[in-house]
Amino acid sequence: MVHTKDLLDIRPSDEGDARHVRFPGELSESVSMLDFKNDRLKLFSVGAGNMDTPEGEALIKSFDGDTPFTKLVVYSHNDNDAWKKLGFAYEGVIKGYFRDGGAAHLWARYSEDARGEEDDTSDLDEIVTLASAKEVQEPSIPQEISTRLATEADAERLAALLNHTFDEYPKELTGESIRKMILSLRAVYRVATTADGSIVACAAVELDLGNRNGEVTECATHEDYQGQGLMAYLIRELERDIGNRFGITDLYSTARAHEVGMNMVLAKLGYEYTGRQINNCRMPRGWESMNIWCRSMA
Ligand SMILES: CC(C)(COP(=O)(O)OP(=O)(O)OC[C@H]1O[C@@H](n2cnc3c(N)ncnc32)[C@H](O)[C@@H]1OP(=O)(O)O)[C@@H](O)C(=O)NCCC(=O)NCCS
């Protein structure tokens, strides 16, 4: 158990930039995530009532003090206004997030005002409007491109493509970290290749087998191959992969709010826009807001 007063003493472990901890008392039912890379603390499956306890109050108090975390995100079963009274803002919903099929309502609280502010949302709203108007279509790719599931033998090349694409990313992207994700079944990757076997696009679904959901992530198409349907095709195939293999039918993705292409891809695959996480993680533009898109295949 981690006492909230000890939050400042917790450091990243050898496992990477994120650490999972269990807070005491009323907060002990689920594991929380300390995300050092993105200065973010995530609490899963707690209700506003859990905060009205000595442990909850201590956590909120410590969060307002000298903390390494400037964003606190709660994945809550409910969207009631009790969170607002605690100073949280509603950022959106991930449908079908929990094992019982219930949605996760995302409430955020910022310890620095600047972290909670997005300069101009009209451009971002326009991207969502443009994407949402897109017709749902079944993707196809050029004949000379092949796709397949990635194995641990692809890990270094996946890392190379992702690091070529992203100067900054919310988590570690090394061959070793990707190899571990694949081998431990925490993620399923797919790649698109050219005739000579070069990997020109990749995407993954990160699995939450406990909650029975999957997050579409690590989407990158090499710039020479963009706009040919590769990403949409890979994601559609991944949906089938994890449906067949794990019976998971609820997927979501958080797309960079400023990146037109990724929002278009999700919209044309039938994903529904369900909110925006403000300055959510470190990306190539600095702190970037992420649009939430959900799809149920049930
Ligand atoms: C986002 C990305 C993965 C898309 O890959 P892709 O293989 O080009 O995707 P697709 O070809 O399947 O679809 C892209 C769609 O966006 C559309 N699009 C892209 N830029 C657009 C723009 N500025 N305005 C309107 N539509 C745009 C394309 O026309 C295409 O739709 P269409 O098939 O209906 O024509 C790729 O651009 C990329 O790697 N970007 C950099 C990394 C990144 O930001 N990844 C997302 C992280 S959340």
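Here, the structure is the one placed above.
Residues numbered from 1 in each chain as written. Predicted model: local features only at pLDDT ≥ 70, side-chain atom pairs only at ≥ 80, totals over all residues. Heavy atoms only, no water.

1. Notes on the packing of helix 7 (residues 230-246) against helix 8 (residues 260-268)
Step number 1: Running from N to C, helix 7 and helix 8 cross one another at 45 degrees; their axes reach a closest spacing of 9 Å. On the basis of the axis angle, helix 7 is oblique to helix 8. Like other packed secondary-structure pairs, helix 7 and helix 8 cross with a definite hand, here right-handed. Note on element contacts: helix 8 touches helix 7 through M262, V265, L266 and K268, opposite M231, A232 and I235. (Axes fitted to C-alpha atoms, helices over the stretch in contact; angles between N-to-C directions. Helix = DSSP H or I, 4+ residues; strand = E, 2+ residues; numbered from the N terminus. Parallel < 35°, antiparallel > 145°, perpendicular 65-115°, else oblique. Left-handed = near helix turned anticlockwise from the far one by under 90°. Contact = heavy atoms within 4.5 Å.)

2. Observations regarding the pattern of salt bridges
Step number 1: The tally for this structure, following the rule as stated, stands at 19 salt bridges.
Step number 2: With its nearest N and O atoms 2.6 Å apart, the salt bridge here joins D35 to R40. For the pair D35 and R40, one class covers both residues: buried.
Step number 3: For E272, the salt bridge goes to K95, with nearest N and O atoms at 2.9 Å. Residue E272 is found in strand 12 (residues 272-283), and its partner K95 is found in the loop between strand 5 (89-94) and strand 6 (104-110); the two are separated by 177 residues along the sequence.
Step number 4: A single salt-bridge network, built from bridges that share partners, covers E138, R236, E239, R240 and R295. (Salt bridge = Lys/Arg side-chain N within 4 Å of Asp/Glu carboxyl O. Buried < 20%, exposed > 50% of the residue type's maximum accessible area, 1.4 Å probe, protein only.)

3. Some words on helix 6 (residues 175-183)
Step number 1: All of the buried residues along helix 6 are G175, S177, I178, M181 and I182. The buried side chains of helix 6 occupy one side of the element, clustering within an arc of 165 degrees when seen end-on.
Step number 2: Elements that come into contact with the buried residues of helix 6 comprise helix 5 (155-165), strand 8 (187-193) and strand 9 (199-208).
Step number 3: In the segment just after helix 6, L185 is the residue with positive phi, at about 60 degrees. (Arc of directions from axis to C-beta.)

4. Looking at the environment of D241
Step number 1: By the element assignment, D241 lies in helix 7.
Step number 2: Here the alpha-carbon distance between D241 and V205, two residues 36 residues apart in the chain, equals 9.5 Å.
Step number 3: Among all residues touching D241, those that are not within four sequence positions of it are L149 and R190.
Step number 4: Within the structure, the side chain of D241 is placed 2.6 Å from the side chain of R190, a separation counted as a polar contact. (Polar contact = N/O pair within 3.5 Å; in protein donor to acceptor, adjacent residues only side chain to side chain.)

5. Observations concerning the site of the ligand
Step number 1: In the vicinity of the ligand there are 23 residues, among which K134, T221, G227, G229 and K268 approach most closely.
Step number 2: One of the side-chain N or O atoms of T221 is found 2.8 Å from an oxygen atom in the ligand.
Step number 3: A232 places a polar main-chain atom, nitrogen or oxygen, 3.1 Å from an oxygen atom of the ligand.
Step number 4: Look at the ligand: alone it shows 950 Å² of surface, and the protein chains cover 74% of it. (Near = heavy atom within 4 Å. Areas by Shrake-Rupley, 256 points an atom, 1.4 Å probe, with all protein chains shown as cover.)

6. Structural notes on the pairing of strand 10 (residues 213-221)
Step number 1: Strand 10 sits mainly inside the fold: nine of its nine residues count as buried.
Step number 2: Relative to strand 10, strand 9 is paired through seven bridges, and the arrangement is antiparallel. Counterpart to L207 in the pairing with strand 10 is G214.
Step number 3: Linking strand 9 back to strand 10 in an antiparallel pair, the connection comprises four residues, with R212 at a positive phi of about 60 degrees.
Step number 4: Both strand 10 and strand 11 (residues 250-256) contribute to a ladder of three bridges, which runs parallel. Residue pairing in the sheet places V216 in a bridge with S253 of strand 11.
Step number 5: As for the winding sense of the linkage, the β-α-β connection from strand 10 through helix 7 to strand 11 is right-handed. (Pairing = 2+ DSSP bridges. Right-handed = clockwise from strand over helix to strand, strands pointing away.)

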